[in-house]
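Structure assessment
Each chain is listed here by its residues.
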Amino acid sequence: MTLYINCCPRMNSRTDRLARALLKKLGEYEELRLYDEPIRAMDSQRLPHREELLDRGELDGEIFRYSHQFAAADRIVIAAPYWDLSFPAQLKIYIENIYATGIVTRYGADGRPEGMCRAEELIYVTTSGGPFDGRFGYGYVKALAEDYFGIPATRLLLAEGLDIQGNDPEAILQKVMAENGLTDAMLSCLIFLQKTEQACTQQKICMELSLPKQTVSAALLSLEKKSWIIRRASAS
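Thresholds, definitions, all that
Residues numbered from 1 in each chain as written. Predicted model: local features only at pLDDT ≥ 70, side-chain atom pairs only at ≥ 80, totals over all residues. Heavy atoms only, no water. Phe/Tyr/Trp six-rings, centres within 6.5 Å; stacked < 30°, edge-to-face > 60°. Helix = DSSP H or I, 4+ residues; strand = E, 2+ residues; numbered from the N terminus. Buried < 20%, exposed > 50% of the residue type's maximum accessible area, 1.4 Å probe, protein only. Lys NZ or Arg CZ within 6 Å of the ring centre and 35° of its normal. Core = buried A, V, L, I, M, F, W, Y, C linked by side-chain atoms within 4.5 Å.

Attention now moves to the packing of aromatic side chains. One pass over the structure, following the stated rule, counts eight aromatic pairs. Ring centres of tyrosine 4 and tyrosine 29 lie 6.1 Å apart, and the angle between their planes is 85°; on these two criteria the pair is classed as edge-to-face. Within this pair, whereas tyrosine 4 is found in strand S1 (residues 2–6), its partner tyrosine 29 is found in strand S2 (residues 29–33), the two being separated by 25 residues in sequence. Note on tyrosine 4: relative accessible area 0%, which makes it buried. Geometrically, the ring pair formed by tyrosine 124 and tyrosine 138 is tilted, given 5.8 Å between the ring centres and 40° between the ring planes. Here tyrosine 124, found in strand S6 (residues 121–127), pairs with tyrosine 138, found in helix H5 (residues 138–148); they are 14 residues apart in sequence, far enough to count as distant. Residue class for tyrosine 138 comes out buried when judged on its relative accessible area of 14%. Its end group placed over the ring of tyrosine 66, arginine 65 keeps NZ or CZ at 4.4 Å from the ring centre.

Take a look at the structure:
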């Protein structure tokens, strides 16, 4: 199964929207929302505790839960906006948490890392307001995946220049989706609503389109902001 690592802090995230269009094409997935997880940085207490467990070969503890989840996935999709030449700090903290020798990687006799992850592909999804420079974000993740985790293929799905004056961010997103054969949740919701002759609930849209509640909610919010739909509270 695909593991979707969602590092998008904004509810109406353009990066998450692009990632969900990809996930719709890929099929079944498990989502890990990093901002909803109790992920903590390795500090003066957690780090020696983890090192002690690794030295004893005790790899089944709760502290390794994310490591095992990552290592067992058939495919990895990471969604993270382009911030300050890289990505949000929450993703780096997550990577520090999963990097456990004996679970995601090991070291050979020559000291070189040997990947232990099952995934054959990692897809990194991001959007940027201006020009994109992947050296310190995607480049870092690609090096980890291929050289340390044993994931042989990495791919970048990017929509850039969304906030440059004169650019149409919606047109850019749609162009990237079209070039990659993706269907947008917002467009799917709009088409479904156009075919529906009467008022429709969010729950019904989720069921009919087989989309998560959060995805549909974000799509409807975008449509409402564009004045393409009118939302009303249902009668109790």
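Ranked by size, the top nonpolar core spans 40 residues in total, and within it Phe70, Ile76, Leu91 and Tyr94 carry the most contacts. Elements represented by at least two residues in this core include exactly S1, helix H3 (65–72), strand S3 (75–79), helix H4 (89–98), S6 and H5. Among the elements that make up this core, the one with the highest residue count is H4 (five residues). If you look at the next biggest cluster of nonpolar residues, it comprises 19 residues, including Leu22, Val77, Ile123 and Ile172.

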